[in-house]
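Fold and contact review
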Amino acid sequence: MIHKTAIIEDGAIIDESAEIGAYAYISSKVKIGANTKIHHHATIEGKTTIGQNNEIFPYASIGTAPQDLKYNGEDTELIIGNNNKIREFTLINTGTIQDNSKTIIGNNNLFMGYVHIAHDCAIGNSCIFANAATLAGHVHVYDGAVIGGMTPIHQFVHIGSLAMVAGASAVSQDVPPFCMVEGNRAKLRGLNLTGLRRYFKDRNDIDEIKKAYKELFESKKPLKDMANEILNKTDNIYVKKLCEFIINSKRGIAYDRKM
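This write-up is about the structure you can find in this document. (Residues numbered from 1 in each chain as written. Predicted model: local features only at pLDDT ≥ 70, side-chain atom pairs only at ≥ 80, totals over all residues. Heavy atoms only, no water.)

**What about helix H4 (residues 237–248)?**
- Helix length check: H4, at 12 residues, gives a terminal C-alpha distance of 16 Å against a target of 16 Å (1.5 Å per residue), a fit within 8%.
- For H4, the set of buried residues is Tyr238, Val239, Leu242, Cys243, Phe245 and Ile246. Seen from one end, H4 has its buried residues packed into an arc of 155 degrees, which puts them on one side. Residues Ile237 and Asn248 are exposed on H4 and point more than 90 degrees away from its buried face.
- In this structure, the buried residues of H4 make contact with strand S23 (158–159), helix H1 (193–199), helix H2 (203–218) and helix H3 (223–231). (Helix = DSSP H or I, 4+ residues; strand = E, 2+ residues; numbered from the N terminus. Expected span 1.5 Å × (residues − 1). Buried < 20%, exposed > 50% of the residue type's maximum accessible area, 1.4 Å probe, protein only. Arc of directions from axis to C-beta. Contact = heavy atoms within 4.5 Å.)

This is the structure we're talking about:
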């Protein structure tokens, strides 16, 4: 299943069920798992491990060196899980020693065309990145998040689980779980109710999250104080996740404060 024009360097480990298309390039430290398909003209470089049932489309560039002036050829890596779709011209870099030396991609993610995942990013599971979404270094995106097209995300930002970022936004601060942001600079616009209704079987959980959201962002109290207050009185695991995210936020949350 390897096309005769594909270039595979000695040392690359490719499962016999994987498929490598015409003029694809696979460097020596790459590992490719079962039933993964690499389309024609894709490039897989560096110390890159790719799991099972992934599909990497033409002209994607995976595992290339970080776009970081501090990078000096260190032995860093990229780890990609299972069942991901990586579309045309997507660029995913390896990590740097300034972080944990790894860029990590989970499972069941969709990266549309021209997406950029920079060094040391950590992507969870079942996320969607629309065309030309651009992540700077050290960004963390948690399970089920959706990033709209043409959206840049500042380095070290965290995007919470089931959050949604509107297209053409510019994100410079953290986005809490279950929330929706929009604008340049992006601010909270409410809860991602469509995502919540798809995910939660118990309507009670949605009601608890809605109640907590109102308390957090409509109170005149400092946001982290309010989050601590709610955390100490709630039994709902999703409300706890929301509050803990806010308390642990390093870049802060952008929202319109009540006067």
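**Observations concerning the packing of H3 against H4**
- At a closest axis distance of 9 Å, the pairing of H3 and H4 adopts a crossing angle of 150 degrees. The orientation of H3 with respect to H4, classified from their angle, is roughly antiparallel. The interaxial crossing formed by H3 with H4 has left-handed handedness. Residue-level contacts link Leu223, Lys224, Ala227, Asn228, Ile230 and Leu231 of H3 to Val239, Lys240, Cys243, Glu244, Ile246 and Ile247 of H4. (Axes fitted to C-alpha atoms, helices over the stretch in contact; angles between N-to-C directions. Parallel < 35°, antiparallel > 145°, perpendicular 65-115°, else oblique. Left-handed = near helix turned anticlockwise from the far one by under 90°.)

**Some points on the nonpolar core**
- Core analysis: the largest hydrophobic core is formed by 67 residues, its most contacted members being Ile117, Ile123, Phe129 and Ile159.
- Within the residue set of this core, elements represented by two or more residues are strand S11 (77–80), strand S25 (179–183), strand S26 (186–191), H2, H3 and H4.
- Here Phe129 is in contact with Leu110, Phe111, Met112, Val115, Ile117, Ile123, Leu135, Val141 and Ile147, once residues within four sequence places are set aside. (Core = buried A, V, L, I, M, F, W, Y, C linked by side-chain atoms within 4.5 Å.)

**With respect to the packing of H2 against H4**
- Orientation of H2 relative to H4, taken along the N-to-C sense of each, is 30 degrees, at an axis distance of 9 Å. What the angle tells us is that H2 and H4 run roughly parallel. Taken as a pair, H2 and H4 cross one another with a handedness that is right-handed. The segment H2 lies against H4, with Asp205, Glu208, Ile209, Ala212, Leu216 and Phe217 engaging Tyr238, Val239, Leu242 and Ile246.

Interpretation in functional terms is not warranted from these geometric data alone.
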